[in-house]
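# Tertiary structure, described
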Amino acid sequence: MLTKPQTQSQAQLISKINKLKAQKNAVILVHNYQRPEIYEVADYIGDSLGLSKEASKTKADIILFCGVDFMAETAKILNPAKKVLLSVKDASCPMAAMADAKEVDEMKNEIKKKNPDAPEALVVSYVNTTADVKAVSDICCTSANAVKVVESLPKDRKIIFVPDRNLGDYIKRVTGRDIILWPGFCHSHHFIKEAQVICAKETHPNAKVIAHPECKPDVLRHADEVCSTEGMVKYAKESSAKEFIVLTEQGMVNRLKRDLPNKEFYTPKFEKDEHFAGYCYNMKKTTLEKVYETLLNESNEIIVPEEIRIKAKKAIEKMLDVK
Ligand code: 13P
Ligand code: SF4
């Protein structure tokens, strides 16, 4: 079901983008946190895992990504022969910028020095990383498959989990594995406070709480379900509950409402000066105007050096092979 375009000019732009897309044999892949009008030009809307899978099987000549840089980079790594465009040049993920390939190697070497006889630590990188970090990783994961990915690794190996310490901590608790956490975090999730969740639960006592694993542990302990953004859609669809408190980037409520118009979705109440909690500025940089311009001019092309791409591809493909 499509939501109605809000204004006439938006409706015109949507129609122009859809025509251009057909002319250029392009697909538009859209992350769940994008503005609701962007959903209207999407060939696929979803979470990072769904988007990577979609990118790996598309027959289009051009992939236009409405999301942030690491998502478009992942698409390029999987599709070197295709033109991959990012809707807005500087739509980046600040958490991905918190890890650097050289530092990851240094951490690996330090662990080796401390335990010279132990097998080398494995690097599991969240897809929210640069191509350089993926290239020094053993395997990637997303929030949807992180537990399975870690469980697929040999039990005798230490794991360095990069860069989200909250997701890493969650996996550590679920799997009981020996995981070393990188000190990165996502401001949109990390700044959601436990007190705000308690308050939301008091206001909506019948609501189920669905939380993204990038939230802090004290927030996650109030969740009925911890899952990826697409996992939230599935959970809310299958649940008999009618109301849900959604602990992730606020735009997720638009996606949930679009698919489940008869259910209610709430976010916690944030203070006016809490600019980051539950809000990703980078995801919101994409507008219909920008999508049209980018596709028309084929601008913001993603380039990944071949040497890095080949190594990064191995880590992504290993992840896609985990069943
Ligand atoms: P998902 O893969 O769950 O959509 O998460 C992506 C992301 O950037 C979360 O902040
Ligand atoms: Fe990155 Fe957080 Fe934005 Fe997701 S919500 S893209 S992790 S900054």
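Before reading further, recall that the structure is shown in the block above.
## A few points about the overall build of the protein chain
- A count of helical and extended segments in the protein chain gives 15 helices and 12 strands.
- Within the protein chain, the fraction of its 323 residues that count as buried is 54%.
- Long-range pairs, those at least 24 residues apart, make up 63% of the contacts in the protein chain with a sequence separation of at least 6.

## Some thoughts on the site of ligand 2
- What surrounds ligand 2 is the set Tyr33, Val68, Cys93, Pro94, Met95, Asn128, Cys186, His187, Ser188, Glu214, Cys280 and Met283.
- Across the shell around ligand 2, the residue classes tally to 8 nonpolar, 3 polar and 1 charged.

## As for the site of ligand 1
- Close to ligand 1 lie His31, Tyr33, Asp47, Ser48, Asn128, Ser143, His189, His212, Glu214, Ser228 and Thr229, which account for all nearby residues.
- The contact in question runs from an oxygen atom of ligand 1 to an N or O atom on the side chain of His212, over 2.8 Å.
- In this structure, Glu214 approaches ligand 1 through a side-chain N or O atom, which is 3.1 Å from an oxygen atom.
- Expressed as a share of its isolated accessible area of 300 Å², the protein-covered part of ligand 1 is 96%.
- Spatially, ligand 1 is embedded in the largest cavity.
- Split into classes, the residues belonging to the shell around ligand 1 amount to 1 nonpolar, 8 polar and 2 charged.

## A word on unusual backbone geometry
- The step from Val162 to Pro163 runs through a cis peptide bond, and the omega angle for that step is -10 degrees.
- The phi angle at Asn25 is positive, at roughly 50 degrees, despite the residue not being glycine.
- By secondary structure assignment, the location of Asn25 is in the loop between α1 (8-24) and β1 (26-31).
- Residue classification places Asn25 among the partly exposed residues on the basis of a relative accessible area of 36%.
- Within the chain, Glu298 stands out as a residue other than glycine whose phi angle is a positive 50 degrees.
- Along the chain, Glu298 falls in the loop between α14 (288-297) and α15 (306-321).
- Residue Glu298 is classed as partly exposed on the basis of its relative accessible area of 25%.

## Brief notes about the sheet that holds strand β5 (residues 122-126)
- As summarised here, the arrangement of the 4 strands in space is β6-β5-β7-β8, forming an open sheet in which the pairing is parallel. Each edge of the open sheet carries a strand with a single partner, namely β6 (139-141) and β8 (179-181). Taking each pair of neighbouring strands and ignoring which way they run, the sheet shows an average axis angle of 30 degrees.
- Pairing between β5 and β6: 3 bridges, direction parallel. Considered in β6, the bridge of Tyr126 is made with Cys141.
- Relative to strand β7 (residues 159-162), helix α5 (residues 101-114) is tilted by about 160 degrees, and along the sheet it contacts β5, β7 and β8.

## Topic: the pattern of salt bridges
- Using the criterion set out here, one finds 21 salt bridges in the structure.
- In this structure, Arg173 engages Asp169 in a salt bridge whose closest nitrogen and oxygen atoms are separated by 3.1 Å. Of this pair, Arg173 and Asp169 both sit in helix α8 (residues 165-175), 4 residues apart, which is roughly one turn of the helix.

Thresholds applied
Residues numbered from 1 in each chain as written. Chains lettered and ligands numbered in written order. Predicted model: local features only at pLDDT ≥ 70, side-chain atom pairs only at ≥ 80, totals over all residues. Heavy atoms only, no water. Helix = DSSP H or I, 4+ residues; strand = E, 2+ residues; numbered from the N terminus. Buried < 20%, exposed > 50% of the residue type's maximum accessible area, 1.4 Å probe, protein only. Contact = heavy atoms within 4.5 Å. Near = heavy atom within 4 Å. Nonpolar A, V, L, I, M, F, W, Y, C, P; charged D, E, K, R; others polar. Polar contact = N/O pair within 3.5 Å; in protein donor to acceptor, adjacent residues only side chain to side chain. Areas by Shrake-Rupley, 256 points an atom, 1.4 Å probe, with all protein chains shown as cover. 1 Å grid on protein atoms, 1.4 Å probe; cavity = no way out; pocket = protein on both sides within 12 Å on 5 of 7 lines; lining within 4 Å. Sits in = over half its atoms within 2 Å of the grid points. Pairing = 2+ DSSP bridges. Axes fitted to C-alpha atoms, helices over the stretch in contact; angles between N-to-C directions. Salt bridge = Lys/Arg side-chain N within 4 Å of Asp/Glu carboxyl O.

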